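Per-entry structural report
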Amino acid sequence: MTYELKLNISDSVRKEVIRDIRDPDKWLKEERDNKSNLIVRARTHWEFHMNNDATQTISEIIFDKIISNRHRRKWRTHQVWGAIYDKGEFAQKHRHGKQSLSWVYYLDCCKECAPLVFDNISIKPEVDLLVYFSGGEFHEVPRQTCNHERIILSGNIIKVKNVMNWSEAYDL
């Protein structure tokens, strides 16, 4: 099951994240060596939210939208990365893991940019749109056919394995 939600994040925050995604010092270098399902010009490292204030802000907003206050202690943001798709680039069919919740947030795109495709649904990108789904769901991005860059932020939220209750934490 997939969910879509507009976040109303300001242009200035989105532009700051895009600027940092464009920084080659933040890219993973092995993306084109067939070890990745993501075939793009630029993809940041997995912990992009750990050293980028604007990215951390967006990932925290997304976490708050997806995870209710009641369950916050049981989940944590595990990975966040940015990517730029140019014409001809794509993401092969893949999934992120059954124990995760995954998301894609569109920083910049146009109505002709490649959609996010699941087995039974195709979601057209739209600036400021968040799409989240079970990490166990297979999905892909077909080849980008337009000349506009498709710039995204993606992430995984995982369940924390051993959350202690107060009694355990304080040996009561």
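For the structure, check the block above.
Residues numbered from 1 in each chain as written. Predicted model: local features only at pLDDT ≥ 70, side-chain atom pairs only at ≥ 80, totals over all residues. Heavy atoms only, no water.

Glancing now at the pairing of strand S5 (residues 90-94). Two elements, strand S2 (residues 38-39) and S5, share two bridges in a ladder whose sense is antiparallel. Paired with Leu38 across the bridge in S5 is Ala91. Across two bridges, the pairing between S5 and strand S10 (residues 139-141) is antiparallel. Across the sheet, Ala91 pairs through a bridge with Val141, a residue of S10. (Pairing = 2+ DSSP bridges. Helix = DSSP H or I, 4+ residues; strand = E, 2+ residues; numbered from the N terminus.)

Here the phi dihedral of Asn8 falls at roughly 60°; this positive angle occurs in a residue that is not glycine. Topologically, Asn8 is positioned in the loop between strand S1 (2-6) and helix H1 (11-21). Although it is not a glycine, Asp128 sits at a positive phi angle of roughly 75°. Relative to the elements of secondary structure, Asp128 occurs in the loop between strand S8 (122-123) and strand S9 (129-134).

The interhelical angle for the contact between H1 and helix H2 (residues 53-66), taken along N-to-C directions, is 120°, at an axis separation of 8 Å. Of the possible angle classes, the one that applies to H1 and H2 is oblique. Our pair here, H1 against H2, has a crossing hand that is left-handed. On H2, the residues that touch Val13, Glu16 and Val17 of H1 are Ala54, Thr55 and Ile58. Split into classes, the residues belonging to the contact of H1 with H2 amount to four nonpolar, one polar and one charged. (Axes fitted to C-alpha atoms, helices over the stretch in contact; angles between N-to-C directions. Parallel < 35°, antiparallel > 145°, perpendicular 65-115°, else oblique. Left-handed = near helix turned anticlockwise from the far one by under 90°. Contact = heavy atoms within 4.5 Å. Nonpolar A, V, L, I, M, F, W, Y, C, P; charged D, E, K, R; others polar.)

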